[in-house]
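What the coordinates show
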Amino acid sequence: MALQCKKQVIRKDQLITAYGIIEMKRGVSVSDSDGAEFVPLVVIELAEDIKEEAVTWLLNRIKDKQQLGGAELLVDQLPLGGQGDQKGNPNMFIVGATWSRLLSGAEDVGLVKEFSDGSMRGFTYTNKDNFKDFLGDGDGFLSIAECQYIIKHELDTLRAKDETHIPGYAQIKLYPGKSIMRRMQSKGVLVQIFPLHDKEDLKKLSLSWYRKVKISYQPLADIRHYFGESMALYFAFLEYFTFALAPMAFIGIPYYLFAWEDYDKYVLFAVFNLVWSTVILEVWKRCSASLAYGWGTLSRKKAFEEPRPGFHGVLGLNPVTGREEPIYPNTKRQLRIYLVSVPFVLLCLYLSLHVMMIYFHMEVWVIGLHEEEPTFWTSLLLFVPSIIYAVVIEIMNRLYRYVAEFLTEWENHRLESSYQNHLVLKVLVFNFLNCFASLFYIAFVMQDMALLRQSLATLLITSQILNQIMEAFLPYWLQKRRNKKVHKRSQRTMVDRELPLTEQVRLEADMSTYLGTFDDYLELFLLFGYVSLFSCVYPLAAVLVVLNNITEVYSDALKMCQVFKRPFSEPAADIGVWQLAFETMSVIAVVTNCALIGMSPQVKAYFPESDTQLILLVVGIEHVLLAFKFILAFVIPDIPKHIQIKLARLEFQSLEALKKRKMLEAAGMPSKS
């Protein structure tokens, strides 16, 4: 079967790890077949029925020197664990690296670290001693998340040399320059790659993050250290959004208590809503830039984007890299998008509108029933259509998400960024119409503000409850059951006992895979829409979203630490395409709130005889506010001034260093690195 390696599991208080000499209470190290000791960081799971020659070939490529086309990493096969028939997959391997290999990898991936003069610079191995936190042996210089990211990068860049196929699999073709791991994963020979949790660090993070309920800032530095910048930015945005909602909630409570039936007074709240939705997004850009600069991702050079694992096509030559890779005609992709994907999305939007009309028929029937014979039960029945519709919306959103992923995959986008942009666009359009179409219809067609307030409250509360159950509590309960089975099989109790390495790896291998922050940002996007579009009619919307976000912090932290596999760290300088999505929603909020102001009896009283003048005035005010919004976005710089100066100084120093090196080379003198 798979290649059998000599295994050795050692526990001791002081050990030489892959990233320096670290004191650990319960350190775990293993030795590869060459006897080199390392701490396991990443797990590779191959198919159970994989051919032995494929395993041998892959392990040799992972361990080979870089000069020979290998990754120069350390790897060991995981011992079989469990009892009876529950031994698990024998083809699981743990991967680590030497300290010097991780440092050279840090330079390869372009990590940016703080230099001795306080500036943020790209790390170079030859200049390592001049970086601030590099203390001789480098202990603590790289976080474990960064080490795991480096290993993942090195595995992803393993490329075929003169091989024509995977050994033992003549049908899985290779060609020079093809990513080996991507090809094996797309063909099912490689099941998964995931980073291991660090139990000590995870325990410390859990205690400071979610195990103790307290009103305080999140430990963003610790989150970034353990999960990486992309995850830390999401939780930073969640925290910022929650605090940004505080003024809306503070004003909304007395507004709801003393003026909620007087719809003439929602004009002032709508005006405040307009300013709020613009300012918070502009301020967030500055906060995001400050965080990204301190984390070294703002000035980090973007790496060349490789083709997606699922991308396929006729073999051709990439004009940029000069490597052979699949080529797929852009015309064919555009035909798939406009002749299949777009019509199908439009069909889904039509079905969503049809479901909405069914909901309104239910509302009319229930209201008529209540007016004929008003009782306590019929008054409760008034909320049933909205609750049913909210549940149906959630079901339709989730079903559509799978369809959108299938269509976007079928469109065969070459780059992951292009794939994500098309997927986000499909999902946002459908979710926006599905969640907000009924509210727009009630507000501007039926012009029933009482029903609008009731529908908004019901949709908001029901969706929040369903999201918490489906995203956190249900997965946590299922994972808890799996944990109990593993501990029972290992004959250990659940009270402060750690599993051996073998059982821990297999437990994490069975955990659900975290699919990224897409769904988390989507939820915040919809909540932002509920608040910015219609909270002037239902001022408690901001209060409900604040309460939801507080629980969201704890539930998301719980699922990241206990429910899902640890995701690989991803460098990020901002929230990406979601910034544009939120800004688009704020523009729609300007139009919506201006229309609501124009429909208010308080404003209509000034134009008793001419609706045309009222419409022209509202449109004029709307254009003025939109112009003010764009001017504000232009005036407020996205990056704070002091950070702009630091970035400009670093660029100037780089140019001067380049000039000096060219002068030395021209004079025939060796340049100093």
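Residues numbered from 1 in each chain as written. Predicted model: local features only at pLDDT ≥ 70, side-chain atom pairs only at ≥ 80, totals over all residues. Heavy atoms only, no water.

**Description of the overall build of the protein chain**
Helices and strands together make up the secondary structure of the protein chain, namely 21 helices and 13 strands. Buried residues in the protein chain amount to 50% of all 673 residues. Look at the contacts in the protein chain between residues 6 or more apart in sequence, and 72% of them connect residues 24 or more apart. Carbon together with sulfur atoms contributes 63% to the accessible area of the protein chain, which is approximately 32900 Å² in total. (Helix = DSSP H or I, 4+ residues; strand = E, 2+ residues; numbered from the N terminus. Buried < 20%, exposed > 50% of the residue type's maximum accessible area, 1.4 Å probe, protein only. Contact = heavy atoms within 4.5 Å. Areas by Shrake-Rupley, 256 points an atom, 1.4 Å probe, with all protein chains shown as cover.)

**Some thoughts on the pattern of salt bridges**
Per the stated rule, a full pass over the model turns up 17 salt bridges. For E163, the salt bridge identified is with R61, shortest N-O distance 2.9 Å. Of this pair, E163 sits in the loop between α3 (144-156) and β9 (165-166) while R61 sits in helix α1 (residues 52-63), and the two are 102 residues apart along the sequence. Between E405 and R401 there is a salt bridge; the shortest N-O distance is 2.9 Å. With E405 and R401 both in helix α12 (residues 384-410) and four residues apart, this pair spans about one turn of that helix. The buried category is assigned to R401, whose relative accessible area is 11%. Overlapping salt bridges, with partners in common, bring together K113, E146, R224 and E229 in one network. (Salt bridge = Lys/Arg side-chain N within 4 Å of Asp/Glu carboxyl O.)

**Points about the UniProt feature "transmembrane region" (unreviewed entry) in the protein chain**
As annotated by UniProt and renumbered to match this structure, "transmembrane region" (unreviewed entry) occupies residues 233-260, 266-284, 337-362, 374-392, 423-444, 456-478, 524-547 and 614-636. Helix makes up 79% of residues 374-392 and strand 0%, whereas the separation of the span's terminal C-alpha atoms amounts to 27 Å. Counting secondary structure, residues 524-547 comes out at 75% helix and 0% strand; the distance between its end C-alpha atoms is 13 Å. (UniProt positions renumbered as here; feature names shortened; annotations may be inferred.)

**Details of helix α20 (residues 611-635)**
Helix length check: α20, at 25 residues, gives a terminal C-alpha distance of 36 Å against a target of 36 Å (1.5 Å per residue), a fit within 8%. Those residues of α20 not exposed but buried are L614, V618, E622, L626, K629 and L632. (Expected span 1.5 Å × (residues − 1).)

**Some details on the nonpolar core**
Generally speaking, soluble globular proteins have nonpolar side chains that are buried together. W209, F227, F235, W276, F525, Y530 and W578 are the most contacted members of the largest nonpolar core, which has 112 residues in total. It is helix α17 (residues 541-563) that provides the largest number of residues to this core, a total of 13 residues. Excluding its chain neighbours within four sequence positions, the residues that come into contact with F525 are L428, W578, A581, F582 and M585. Core analysis: the second largest hydrophobic core is formed by 50 residues, I50, F123, L158 and M181 among them. (Core = buried A, V, L, I, M, F, W, Y, C linked by side-chain atoms within 4.5 Å.)

**As for the pairing of strand β6 (residues 92-96)**
Counted residue by residue, β6 has five buried out of five residues, so it is predominantly covered. Of the two faces of β6, both are covered, the one formed by M92, I94 and G96 as well as the one formed by F93 and V95. Pairing analysis gives four bridges linking strand β4 (residues 42-46) to β6, with the strands arranged antiparallel. Note that in β6 the partner of V43 across the bridge is I94. Here strand β5 (residues 74-77) runs beside β6; their pairing, made up of four bridges, is antiparallel. Each residue of the ladder has a partner; that of V75, found in β6, is V95. (Pairing = 2+ DSSP bridges.)

**Here's the deal with the packing of helix α7 (residues 229-244) against helix α16 (residues 518-534)**
Running from N to C, α7 and α16 cross one another at 20°; their axes reach a closest spacing of 11 Å. By the criterion of interaxial angle, the relationship of α7 to α16 is roughly parallel. Between α7 and α16 lies a crossing whose hand is left-handed. Contacts between α7 and α16 involve L233, Y234, F237, L238 and F241 from the first element and D520, Y521, L524 and F528 from the second. Of the residues that constitute the contact of α7 with α16, the class distribution is eight nonpolar, no polar and one charged. (Axes fitted to C-alpha atoms, helices over the stretch in contact; angles between N-to-C directions. Parallel < 35°, antiparallel > 145°, perpendicular 65-115°, else oblique. Left-handed = near helix turned anticlockwise from the far one by under 90°. Nonpolar A, V, L, I, M, F, W, Y, C, P; charged D, E, K, R; others polar.)

**Re the packing of aromatic side chains**
Within this structure, the stated rule accounts for 34 aromatic pairs. Each ring, one from Y217 and one from F243, has its centre 5.5 Å from the other, and the planes form 35°; the classification is tilted. Note that Y217 is positioned in the loop between α5 (199-209) and α6 (220-227) and F243 in helix α7, a separation of 26 residues in sequence. You can call F243 partly exposed: its relative accessible area is 47%. Aromatic pair F237 and Y521: ring centres 6.2 Å apart, planes at 50°, arrangement tilted. A residue pair is termed long-range when its members are at least 10 positions apart, and F237 in helix α7 and Y521 in helix α16 qualify at 284 residues. Residue classification places Y521 among the buried positions, given a relative accessible area of 3%. Over the aromatic face of F141 sits the side chain of K113, whose NZ or CZ is 5.3 Å from the ring centroid. Above the face of the Y226 ring, R566 is positioned so that its terminal group lies 3.7 Å from the ring centre. (Phe/Tyr/Trp six-rings, centres within 6.5 Å; stacked < 30°, edge-to-face > 60°. Lys NZ or Arg CZ within 6 Å of the ring centre and 35° of its normal.)

**Observations regarding the sheet that holds β5**
Within a beta sheet, neighbouring strands are joined by backbone hydrogen bonds and run either parallel or antiparallel to one another. Taken together, four strands build an open sheet; the order of strands is β5-β6-β4-β11 and the sheet is antiparallel. Each edge of the open sheet is held by one strand with a lone partner, namely β5 and β11 (190-195). Here the average twist between neighbouring strands, direction ignored, is 20°. Two elements, β4 and β11, share five bridges in a ladder whose sense is antiparallel. Each bridged residue has a counterpart across the sheet, and for I44 the counterpart in β11 is I193.

**Looking at the packing of α16 against helix α18 (residues 577-599)**
The interhelical angle for the contact between α16 and α18, taken along N-to-C directions, is 20°, at an axis separation of 8 Å. With respect to α18, the axis of α16 lies roughly parallel. Crossing geometry of α16 relative to α18 is assigned as right-handed. When α16 is examined against α18, the residues F518, Y521, L522, L524, F525, F528, G529, S532, L533 and F534 are found in contact with a partner set consisting of W578, A581, F582, M585, S586, I588, A589, T592, N593 and L596. Split by residue class, the contact of α16 with α18 holds 15 nonpolar, five polar and no charged.

**Digging into the environment of Q468**
Relative to the assigned elements, Q468 resides in helix α14 (residues 449-489). As a C-alpha pair, Q468 and D556 span 88 residues in sequence and 9.2 Å in three-dimensional space. Beyond its immediate sequence surroundings of up to four residues, Q468 is in contact with F473, N548, T551, E552 and S555.

**Re unusual backbone geometry**
Positive phi, close to 65°, is recorded for N412, a residue that is not glycine. The residue N412 is located in the loop between α12 and α13 (416-446) in this model. A positive phi angle, near 50°, is found at Q447, a position not held by glycine. Note that Q447 resides in the loop between α13 and α14.

**Concerning a nonpolar patch on the surface**
Residues I461, I465, I469, M470, F473, L474 and W477 make up a contiguous nonpolar surface patch of about 660 Å² in total accessible area. Of the residues examined, I461 reaches a relative accessible area of 36% and is grouped as partly exposed. (Patch = residues over 30% accessible without salt bridge, like charges linked within 9 Å, V, L, I, M, F, W, Y side chains within 5 Å.)

**Quick notes on the environment of Y169**
With respect to the element layout, Y169 can be found in strand β10 (residues 169-173). Judged by relative accessible area, which is 11%, Y169 ranks as buried. What Y169 contacts, discounting residues up to four positions off in sequence, is D49, I50, K51, A54 and V189. Of the polar contacts made by the side chain of Y169, one reaches the backbone nitrogen of K51; its length is 3.0 Å. (Polar contact = N/O pair within 3.5 Å; in protein donor to acceptor, adjacent residues only side chain to side chain.)

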